[in-house]
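The chain contents come next:
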Amino acid sequence: MNLEKTDNNFTPLTNKPPAKEPDRQYYFIEKCRNYIKKESERLGRPLFAATVTFGCQMNARDSEKLSGILKEVGYELTENEDADFVIYNTCTVRDNANQRVYGRLGHLNSLKKEKKHMKIALCGCMMQEPSVIEKIRSSYRFVDLIFGTHNLYKFAELLAAMFETDEMVTDIWEKTDKIVENLPTERKYPFKSGINIMFGCNNFCSYCIVPYVRGRERSRRPEEIIHEIEKLVFEGVVEVMLLGQNVNSYGKNLEEPITFAELLRRVEQIEGLKRIRFMTSHPKDLSDELIKVMKESKKICRHLHLPLQSGSTRILRAMNRRYTKEQYLALVDKIRKEIPDLAITTDIIVGFPGEELCDVDETIDVVRRVGYDNAFTFIYSRRTGTPAAAMENQVPDAVVREGFDRLLKVVQETARERVRLLEGKTMDALVEEINEQDESLVTGRLSNNTIVHFKGDAGLIGQIVPVYLKECHGFYYLGEKKR
């Protein structure tokens, strides 16, 4: 249907939008500017927009793109959800993330009844679930705009459609092979940035909904990635995080295939770039070439996130992880032999269907043998549409909680031991912000991802400075800046 409407508020554009991206989106950005300007004049004040992010660093990067377009069309950005426009960028990896969104929507409904002009949008992984869309259409009809993960680049076009109709605008794609970049971005930090190097996932772990909501793997061309990083460095970025659901499989689907290790070599050559991070690495695809590149690099941070999920080979097989406990441990041994100072963190799930306490003991054994610097532990969340959701032998809550508590105790003990090994050393820290609890302190991050707080002021933010690690406080340090 034709969404353009002519009234006292909106001035329709007579020329047609370009077909080519991203030119098409810049056309709609200009169009939205007109709508925002007129609404601002009507209200006699600026319009404010809030982008609220749920979930992973991929979502955080997506939110920076959404915020960039909102700012470009004329909104002033705020963290206050009592705004003129609120967009929730959703996650659906665990059910509690969905419930949080529904709860927040109830609050927004109350606000919108008082502010009739308020607009509400939902996007992200949760929106790729048909049952979610049905629920929103029936129970949350006050939402103005819904879109998913595949068409995020169309945000400006969808915003225009939202302003041009009184109906809920819904635009969900089941899949895509498109990658559209070079649109406005509003970064949270001026000195560091995430970089999408690929989208989607081909692994289909039996518990995971990501391949269904983010689609199959699509890699960006290395030239585009290098150009984006060079531009960021010119703007003052000193650290980049290369992002993908499984960065180790980067480049396999390109016309001219390239390994992730080779991409890292090229990124390392960018003058002015100080630090390189990446996530996430699937253990089954981590190559000897990547280990060699990390070992020899002067810029790749001494931190590797290597999800385990379970230490039980039986459970790993049911999860479709495609490695065994022994293969995982052998890989860690190889990594630690080549890069002894590398910090390793992981993800672990407790309560997968059929798991018994003896399987949790296998996981605890891996935690003790690896000695993780940190581990993110999760209780299994049943996601409709995944193979695991239909499995028999769903684990009773009491058994899950017992296993989770036992695991968490060991994770915390081993992590504290690993972090404490740095005490008394002087290491470089990238200063990220003023400390939230004590404004006389700044907060920095070491190459191995450990946090350190030390005396300093806002002038240090964005700088990499040497810090003496004086006191270990469990998972972070109090330190002193060295002259």
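Here the residue numbering is sequential within each chain, running from 1 through the sequence in written order. Only residues with pLDDT of 70 or above have their local features reported here, since the model is predicted, and side-chain atom pairs are shown and tallied only from 80 upward, although totals for entire chains, interfaces and linings are computed over all residues. Heavy atoms from the whole structure form the basis of all side-chain values; hydrogens and water molecules are not counted.

*Asks:* Could you give an account of the packing of aromatic side chains, with specific residues and numbers?
*Replies:* Aromatic contacts are taken between Phe, Tyr and Trp rings whose centres are within 6.5 Å, Trp giving its six-membered ring; a plane angle under 30 degrees counts as stacked, one over 60 as edge-to-face, and the others as tilted. Here the structure, examined in full by the defined rule, presents 15 aromatic pairs. When the centroid spacing of 6.4 Å and the interplanar angle of 55° are considered together, the rings of Phe-85 and Phe-155 count as tilted. Of this pair, Phe-85 sits in strand β3 (residues 85-90) while Phe-155 sits in helix α5 (residues 155-163), and the two are 70 residues apart along the sequence. For the residue pair Phe-85 and Phe-155, the accessibility class agrees, reading buried in each case. A centroid spacing of 5.4 Å and a plane angle of 80° characterise the contact between Phe-204 and Tyr-212, whose relative ring orientation is edge-to-face. An aromatic cluster of three or more residues is present, and its members are Tyr-75, Phe-85, Phe-147 and Phe-155. Both a distance and an angle decide whether a charge sits over a ring: NZ of Lys or CZ of Arg must be within 6 Å of the ring centre and within 35 degrees of the ring normal. Its end group placed over the ring of Tyr-102, Lys-135 keeps NZ or CZ at 3.9 Å from the ring centre. Directly above the aromatic system of Tyr-189 lies the positively charged group of Lys-192, at a separation of 4.8 Å from the ring centroid. A helix here means a DSSP run of H or I that spans at least four residues, while a strand means a run of E at least two residues long, and both kinds are numbered starting from the N terminus. For each residue, the accessible area found with a 1.4 Å probe, counting protein chains only, is set against the maximum for its type, and the residue is called buried under 20%, exposed over 50%, and partly exposed in between.

*Asks:* Describe the pattern of salt bridges, naming the residues involved and giving the relevant values.
*Replies:* For this document, the term salt bridge refers to a Lys or Arg side-chain nitrogen within 4 Å of an Asp or Glu carboxyl oxygen. Inspection of the entire model under this criterion finds 47 salt bridges. A salt bridge links Lys-112 to Asp-144, with the shortest nitrogen-to-oxygen separation between them at 2.6 Å. Placement of the pair is Lys-112 in helix α3 (residues 95-114) and Asp-144 in the loop between α4 (130-139) and β5 (145-147), with a sequence separation of 32 residues. Judged by its relative accessible area of 12%, Lys-112 is buried. The class of Asp-144 is buried, set by a relative accessible area of 11%. For the salt bridge of Arg-336 with Asp-373, the shortest nitrogen-to-oxygen distance reads 4.0 Å. Of this pair, Arg-336 sits in helix α11 (residues 325-338) while Asp-373 is found in the loop between α12 (357-370) and β14 (374-379), placing the two residues 37 residues apart along the sequence. Across the pair, Asp-373 and Arg-336 agree in class, each one buried.

*Asks:* Pulling in residues and values, what's your account of the sheet that holds strand β19 (residues 476-481)?
*Replies:* The strand order around the closed barrel formed by five strands is β15-β16-β17-β19-β18, and the pairing between neighbours is mixed. Going across the sheet, the axis of each strand differs from the next one's by a mean of 50°, ignoring polarity. When DSSP locates at least two bridges between a pair of strands, those strands are taken to pair. Both strand β18 (residues 464-472) and β19 contribute to a ladder of five bridges, which runs antiparallel. Residue pairing across strands places Cys-472 opposite Tyr-477, the latter belonging to β19. A fitted line through C-alpha atoms represents every axis, and for helices the fit uses only the stretch in contact; the resulting angles, taken between N-to-C directions, go from 0 to 180 degrees.

*Asks:* Give a detailed account of the pairing of strand β1 (residues 48-53), specifying residues and quantitative values.
*Replies:* Here β1 runs beside strand β2 (residues 76-77); their pairing, made up of two bridges, is parallel. Across the sheet, the residue bridging to Phe-48 is Glu-76, located in β2. Here a crossover is taken to be right-handed if, once the strands point away from the viewer, the path from the first strand over the helix to the second is traced clockwise. Chirality of the crossover, the property in question, places the unit of β1, helix α2 (residues 57-73) and β2 among those that are right-handed. Pairing geometry for β1 and β3, over five bridges, is parallel. The residue of β3 that forms the bridge with Val-52 is Tyr-88.

*Asks:* Kindly report on empty space enclosed by the protein, identifying the contributing residues and their values.
*Replies:* Buriedness of a pocket was judged along seven lines, with at least five required to meet protein on both sides within 12 Å; pockets are open sets of points on a 1 Å grid over the protein atoms alone, cavities are sets where a 1.4 Å probe fits but cannot get out, and lining residues have an atom within 4 Å of a point. Grid points are joined across faces, edges and corners, and a volume is the space filled by probe spheres set on the points. A complete count under the given rule lists two cavities of 30 Å³ or more for this structure. If you go around the largest cavity, the residues you meet are Met-241, Ile-276, Arg-277, Phe-278, Met-279, Ile-300, Cys-301 and His-303. Per-element tally for the lining of the largest cavity: the top contributor is strand β11 (residues 275-279), with four residues. Each residue receives one of three labels: charged for Asp, Glu, Lys and Arg, nonpolar for Ala, Val, Leu, Ile, Met, Phe, Trp, Tyr, Cys and Pro, and polar for the others, Gly being one of them. When its residues are assigned to classes, the lining of the largest cavity shows six nonpolar, one polar and one charged. Counted as a void, the second largest cavity has a volume near 30 Å³.

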